[in-house]
Amino acid sequence: MSKVIERNLVVGLDIGTSKISVAVGEITPDNQLSIVGVGNQPARGMDKGGVIDLNLVIQSIQRAINEAELMADCQISSIYLGISGKHISCQNENGMVPINDKEVIQEDVDNVIHTARSVPISAERRMLHVLPQEYSIDCQDGIKSPIGMSGVRMEAKVHIVTCANDMAKNLVKCVERCNLSADQLIFSALASSYSILTDDEKELGICVVDMGAGTMDLSIFTGGALRHTAVIPVAGNQVTSDIAKIFRTPLSHAEDIKVQYACALKHLVSMEDSIEVPSVGGRPARTMSRHTLSEVVEPRYQELFELIQEEVREAGLEDQIAAGYVLTGGTAKMEGVVEFAEEVFQMPVRIASPLAVQGLKEYVDDPCYATVVGLLHYGMQAHESGIKENNKSDGVTGLWSRLHAWFKGEF
């Protein structure tokens, strides 16, 4: 623990359906993120972002943590934890407050966000994020930073992401059994956006799709703010399952075949290429055409892309994502995915790996690590704002003024 404090470290833990990743980042004196350790283990006991076997998940987390600790030469005690699953849902809400001193101060901003987030949510759900989209003061709309502006009343639009409380508790329980504390739970696709998007893309309008093994996580940004989040509970495992059934090969071999030989577009594959396919029950391996493999994979990818398109369309944001789509996660790495996605979406598509990192960046230069590196960026920002908060509120007086402001905002 003492080492973590000395070195100003931040740790991200991404518990996926097929793998568990841990990344340790050091915040350098010039406020950059430097990767100092990485741990990676196959996930066991997870399905579609949810825990199905507590003990197996705990073992996998412990191994990944040990690996990262060894590499970074530190003792990990707290982490930022990614969460996904079909239980994630979102809503956009508004809040309004009078401006107390004719000029907006931080208290007013806190009050208006508090008002916007005071929507009733059911007891079995938990708020993950309340993210401001924009503010309006009197007649002026679309304000990004209202502090210092004059007016009578202020309104805020916020994006609220919630999750099922029990699902979150199970994940946190796994982490706590490894003697770790979860500083905060962060929705995976939001975390990914921190590590792979540029400000221009967020401003112009972009859809981030984290294509994992069990789920596809979406976050859509327009005008620099998050507008929509969703989780589609089908992803790369469906492709593996198709290969296993049609080629009659065990799931572990089907996964290997998918990673090594599969292509999302059959016309990119030569008819002559052949692959060795292991059989089940001790039967001899067979030789199959790689083109046949693509014929199995292509319809499933088409279905995945159509599900993404349908989600964006239902959110009413199809015309607003001028910068197109950014795909990340392990399922996005297959050959032909960009070409096929551009064909389906009729929009620009790119596959993204984490940006803006230093240190051991070759270890995380892969779409699989977008979420875990994003968790580090998120933690780094939380760390910065925490320092500012501590400087701002000097003990009891700071607490009293905030309580006073809250009462003024409420009544």
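In what follows, the accompanying structure is described. (Residues numbered from 1 in each chain as written. Predicted model: local features only at pLDDT ≥ 70, side-chain atom pairs only at ≥ 80, totals over all residues. Heavy atoms only, no water.)

Located in the positive-phi region is D73, a residue other than glycine, with phi close to 55°. Its place among the elements puts D73 in the loop between α2 (54-72) and β6 (78-83). Residue D138 is not a glycine yet carries a positive backbone phi of 55°. (Helix = DSSP H or I, 4+ residues; strand = E, 2+ residues; numbered from the N terminus.)

Here we take up the state of the cysteines. Under the criterion given, the structure shown has zero disulfides. Of all cysteine sulfurs, the one in C90 lies closest to C207, which takes part in no disulfide; the gap is 12 Å. We classify C207 as buried; its relative accessible area is 0%. Looking at the unpaired C263, the closest cysteine sulfur is the one in C368, lying at 18 Å. Taking the relative accessible area as the measure of exposure, C263 reaches 0% and is therefore buried. (Disulfide = S-S within 2.5 Å. Buried < 20%, exposed > 50% of the residue type's maximum accessible area, 1.4 Å probe, protein only.)

The next subject is the packing of helix α7 (residues 236-247) against helix α9 (residues 290-314). Where α7 contacts α9, the two axes come as close as 10 Å, and the packing angle between them is 140°. Taken as axis vectors, α7 and α9 run oblique relative to one another. Crossing of α7 over α9 shows right-handed handedness. Residues Q238, V239, D242, I243, I246 and F247 of α7 lie in contact with α9, whose contacting residues are T292, L293, V296, V297, R300 and Y301. A class-by-class count of the residues in the contact of α7 with α9 yields eight nonpolar, two polar and two charged. (Axes fitted to C-alpha atoms, helices over the stretch in contact; angles between N-to-C directions. Parallel < 35°, antiparallel > 145°, perpendicular 65-115°, else oblique. Left-handed = near helix turned anticlockwise from the far one by under 90°. Contact = heavy atoms within 4.5 Å. Nonpolar A, V, L, I, M, F, W, Y, C, P; charged D, E, K, R; others polar.)

Moving on: the pairing of strand β17 (residues 325-328). Going residue by residue along β17, you find Y325 and L327 tucked away on one face and V326 and T328 tucked away on the opposite face as well. Two strands pair when backbone bridges link them, and strand β12 (residues 206-211) and β17 are joined in this way by four bridges, in the parallel orientation. Residue pairing across strands places D210 opposite T328, the latter belonging to β17. Here three bridges tie β17 to strand β18 (residues 349-351), and the two strands are oriented parallel to one another. Paired with V326 across the two strands is R350, which belongs to β18. Handedness of the β-α-β unit built from β17, helix α10 (residues 337-345) and β18 comes out right-handed. (Pairing = 2+ DSSP bridges. Right-handed = clockwise from strand over helix to strand, strands pointing away.)

We now examine α7. With twelve residues, α7 should cover 16 Å at 1.5 Å per step; its first-to-last C-alpha distance of 17 Å lies within 8% of that length. Here α7 has its buried residues at G236, V239, T240, D242, I243, A244 and F247. Phi for R248, located one or two positions after α7, is positive at around 50°. (Expected span 1.5 Å × (residues − 1).)

The next thing to look at is the pattern of salt bridges. What the rule picks out here adds up to ten salt bridges. Between E134 and R227 there is a salt bridge, with its nearest N and O atoms 3.2 Å apart. Taken as a pair, E134 in strand β8 (residues 125-137) and R227 in strand β14 (residues 225-232) lie far apart in primary sequence, 93 residues in all. Exposure remark for E134: the relative accessible area of 16% places this residue in the buried category. By relative accessible area, R227 is classed as buried at 15%. Between E335 and R290 there is a salt bridge, with its nearest N and O atoms 2.9 Å apart. (Salt bridge = Lys/Arg side-chain N within 4 Å of Asp/Glu carboxyl O.)

Moving on: the packing of α9 against α10. Two numbers describe a pair of packed helices, the interaxial angle and the distance between the axes. Contact geometry of α9 with α10 gives a least axis separation of 10 Å together with a crossing angle of 50°. Between α9 and α10, the crossing angle belongs to the class labelled oblique. The element α9 and its partner α10 pack so that their crossing is right-handed. Counted together, E298, Y301, Q302, F305, E306, I308 and Q309 of α9 and V337, F340, A341, V344 and F345 of α10 form the full contact between these two elements. Each residue belonging to the contact of α9 with α10 can be placed in one class, and the counts come to eight nonpolar, two polar and two charged.

This part is about the packing of aromatic side chains. Each pair of aromatic rings is reported with the distance of its centres and the angle of its planes. Overall, the coordinates contain five aromatic pairs when judged by the stated rule. Taking 5.7 Å as the distance between ring centres and 80° as the angle between the ring planes, the aromatic pair formed by F305 and F340 counts as edge-to-face. With F305 in helix α9 and F340 in helix α10, this pair connects stretches of sequence that are 35 residues apart. For the pair F305 and F340, one class covers both residues: buried. Here the aromatic residues Y301, F305, Y325, F340 and F345 are joined through ring pairs into a cluster of three or more. Positioned over the ring face of Y369 is K19, at 5.2 Å from the centre of the ring. We note K202 situated over the ring of Y194; from NZ or CZ to the ring centre the distance is 5.7 Å. (Phe/Tyr/Trp six-rings, centres within 6.5 Å; stacked < 30°, edge-to-face > 60°. Lys NZ or Arg CZ within 6 Å of the ring centre and 35° of its normal.)

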